[in-house]
Amino acid sequence: MPRVNLLLADDVGLGKTIEAGLILTELLLRRRIQRILVLTPASLRRQWQEELWEKFSLRFAVVDRPETERLRRRLGMDANPWRSFSRIVASYHYLRQPDVQEQFLSACRTPPGSPHLPWDLLIVDECHNLMPSPFGEDSGLCKMLRLVAPRFEHRLFLSATPHNGHTRSFTGLLEMLDPVRFTCTSEMTPAMRRRVDDVVVRRLKRDINAKSASSRFCTRHPPKALTLDIDTREARLSTAFDAFRNAVRRLASKGTKRRRRAGTFAVEILGKRLLSCPTAFAESWNRARQGF
């Protein structure tokens with residue numbers, strides 16, 4: 001690919017991090033990339049740093065506020081971590097902050113007329129957290145990704161759940177990945193559906209099992225209904241609670257809107273406690289009778 005724009009959407013546990021590392025290493029060996037940014041949830045920063053070092057012998061710096069402060073104590077107050085390091089792992093919640101975005105954008109300046117983008121490769125882990133909203137205004141994380149993505153020559157998005165059921169969110173994510181092939185829309189055209197196969201790589205555990213000599217993963221069976229024998233006392237309690245619920249609703253319907261809402265909420269909470277177990281219901285019922 002002239003530009004490596006891929007959405008790795010393999011099932012959980014199939015090694016998307018390793019796949020991204022393989023692509024990253026190949027691009028480095030071909031001398032096509034130098035400046036690399038990995039955006040992850042904050043809890044996965046160290047894991048990414050360790051995986052890239054242990055499996056690919058690639059050192060990455062974790063950029064956050066403590067690291068920025070250490071860098072400035074060492075190099076001066078004007079030191080910019082986005083300019084000082086060429087291989088960075090950072091939290092996308094950190095990059096979302098306005099002052100951090102300003103630092104990042106100042107490190108993205110290129111000479112006028114330069115055909116090269118300031119950064120080479122962007123890897124976004126758990127990218128479903130940054131997809132556009134299906135309704136209303138997009139989140140701050142989505143706006144941040146829209147801002148930084150065009151400054152990268154190559155992009156790798158990773159997610160085991162790339163589609164949230166809303167076409168606009170999915171196509172908006174693909175547009176940030178590859179704006180030449182895709183546009184954010186609520187309905188995909190047949191041509192766009194064909195282009196999805198060019199950039200989306202998705203393998204499921206059942207696919208791996210089908211192509212392996214022995215099953216590497218457990219096989220999921222369809223759910224089966226279980227017949228439960230309800231105790232006579234439990235049946236009487238359920239019938240009595242139904243009568244109580246109907247009585248509360250009739251009483252609440254004669255009051256104000258606030259009273260109706262409070263009464264409905266209280267009785268539904270009791271119903272959930274009853275479904276949990278009789279002991280939980282008894283505790284909540286006694287508290288309700290005592291006025292707590």
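Bear in mind the structure is a predicted one, so any value in this text is a computation, not a measurement. (Residues numbered from 1 in each chain as written. Predicted model: local features only at pLDDT ≥ 70, side-chain atom pairs only at ≥ 80, totals over all residues. Heavy atoms only, no water.)

## Topic: the overall build of the protein chain
Phase 1 of the analysis: Counting its secondary structure elements, the protein chain contains 13 helices and 7 strands.
Phase 2 of the analysis: Relative to the 2.2 N^0.38 estimate, which gives 19 Å for 292 residues, the radius of gyration of the protein chain is 27 Å and therefore markedly larger than a compact globule would have.
Phase 3 of the analysis: A principal-axis box enclosing the C-alpha atoms of the protein chain has dimensions of 80 × 55 × 40 Å.
Phase 4 of the analysis: The buried share of the protein chain, taken over its 292 residues, is 40%.
Phase 5 of the analysis: When the accessible surface of the protein chain is split by element, carbon and sulfur atoms take 52% of a total near 18300 Å².
Phase 6 of the analysis: Mean positive and mean negative side-chain charge positions of the protein chain (51 and 31 charges, respectively) differ by 5 Å. (Helix = DSSP H or I, 4+ residues; strand = E, 2+ residues; numbered from the N terminus. Rg over C-alpha atoms; globule rule 2.2 N^0.38 Å. Buried < 20%, exposed > 50% of the residue type's maximum accessible area, 1.4 Å probe, protein only. Areas by Shrake-Rupley, 256 points an atom, 1.4 Å probe, with all protein chains shown as cover. Lys, Arg positive; Asp, Glu negative; His and termini not counted. Charge placed at Lys NZ, Arg CZ, Asp CG, Glu CD.)

## Examining the pattern of salt bridges
Phase 1 of the analysis: Taken as a whole and judged by the stated rule, the model has 18 salt bridges.
Phase 2 of the analysis: The partner of Arg70 in a salt bridge is Glu67, with the nearest N and O atoms 3.0 Å apart. With Arg70 and Glu67 both in helix α3 (residues 65-75), this residue pair falls 3 residues apart, about one helical turn.
Phase 3 of the analysis: Glu268 serves as the salt-bridge partner of Arg249, at 2.7 Å between the closest nitrogen and oxygen. On the criterion of sequence distance, the pair formed by Arg249 in helix α11 (residues 232-252) and Glu268 in helix α12 (residues 257-276) is long-range, its members being 19 residues apart. (Salt bridge = Lys/Arg side-chain N within 4 Å of Asp/Glu carboxyl O.)

## Digging into the nonpolar core
Phase 1 of the analysis: If you look at the biggest cluster of nonpolar residues, it comprises 44 residues, and the most contacted ones within it are Leu37, Trp82 and Phe157.
Phase 2 of the analysis: One finds Ala20, Ile36, Leu58 and Phe60 within the second-largest nonpolar core, a separate group that totals 23 residues. (Core = buried A, V, L, I, M, F, W, Y, C linked by side-chain atoms within 4.5 Å.)

## Digging into the packing of aromatic side chains
Phase 1 of the analysis: Taken as a whole and assessed by the stated rule, the structure comprises 9 aromatic pairs.
Phase 2 of the analysis: Between Trp82 and Phe104, the ring centres sit 5.5 Å apart and the planes meet at 90°, which makes this aromatic pair edge-to-face. Of this pair, Trp82 sits in helix α4 (residues 81-84) while Phe104 sits in helix α6 (residues 98-106), and the two are 22 residues apart along the sequence.
Phase 3 of the analysis: Among the residues examined, Phe104 registers a relative accessible area of 1% and is labelled buried. (Phe/Tyr/Trp six-rings, centres within 6.5 Å; stacked < 30°, edge-to-face > 60°.)

## Considerations on the packing of helix α1 (residues 16-29) against helix α2 (residues 45-56)
Phase 1 of the analysis: Where α1 meets α2, the axes come as close as 11 Å, and the angle between the chain directions of the two elements is 60°. The orientation of α1 relative to α2 falls into the category oblique. Between α1 and α2 lies a crossing of right-handed hand. Touching Thr17, Ile18, Ala20, Gly21, Leu22, Leu24 and Thr25 of α1 are Trp48, Glu51, Leu52, Lys55 and Phe56, all from α2.
Phase 2 of the analysis: Considered class by class, the residues forming the contact of α1 with α2 number 7 nonpolar, 3 polar and 2 charged. (Axes fitted to C-alpha atoms, helices over the stretch in contact; angles between N-to-C directions. Parallel < 35°, antiparallel > 145°, perpendicular 65-115°, else oblique. Left-handed = near helix turned anticlockwise from the far one by under 90°. Contact = heavy atoms within 4.5 Å. Nonpolar A, V, L, I, M, F, W, Y, C, P; charged D, E, K, R; others polar.)

## A look at the layout of surface pockets
Over the atoms rolls a probe the size of a water molecule, and its path tells where empty space is left.
Phase 1 of the analysis: Of the pockets and cavities examined, the largest pocket occupies roughly 340 Å³.
Phase 2 of the analysis: Every residue lining the largest pocket is counted, 15 residues in all, and those nearest its centre are Ile230, Glu234, Ser238, Leu274 and Leu275.
Phase 3 of the analysis: Contributions of two or more residues to the lining of the largest pocket are made by α11 and α12.
Phase 4 of the analysis: For the lining of the largest pocket, the leading source of residues is α11, giving 7 residues.
Phase 5 of the analysis: Among the residues making up the lining of the largest pocket, the classes are represented as 9 nonpolar, 2 polar and 4 charged.
Phase 6 of the analysis: Size it by volume and the second largest pocket reaches roughly 260 Å³.
Phase 7 of the analysis: Residues belonging to the lining of the second largest pocket are distributed by class as follows: 4 nonpolar, 2 polar and 4 charged. (1 Å grid on protein atoms, 1.4 Å probe; cavity = no way out; pocket = protein on both sides within 12 Å on 5 of 7 lines; lining within 4 Å. Points joined across faces, edges and corners; volume = space filled by probe spheres on them.)

## Digging into the packing of α11 against α12
Phase 1 of the analysis: Running from N to C, α11 and α12 point in directions that differ by 170°, and their axes come no closer than 9 Å. Viewed along their axes, α11 and α12 adopt a mutual orientation that is roughly antiparallel. Of the residues in α12, those in contact with Leu237, Ser238, Phe241, Phe244, Arg245, Val248, Arg249 and Ala252 of α11 are Arg259, Arg260, Gly263, Val267, Glu268, Leu270, Gly271 and Leu274.
Phase 2 of the analysis: For the contact of α11 with α12, a count of residues per class yields 8 nonpolar, 3 polar and 5 charged.

## Focus: α2
Phase 1 of the analysis: Taking 1.5 Å as the rise per residue, α2 with 12 residues should run 16 Å; its terminal C-alpha atoms sit 16 Å apart, in good agreement.
Phase 2 of the analysis: Residues of α2 that are buried make contact with α1, β2 (36-40), β3 (61-62), β4 (87-91), β5 (119-125) and β6 (152-158).
Phase 3 of the analysis: Directly beyond the C-terminal end of α2, a positive phi value near 55° is found at Ser57. (Expected span 1.5 Å × (residues − 1).)

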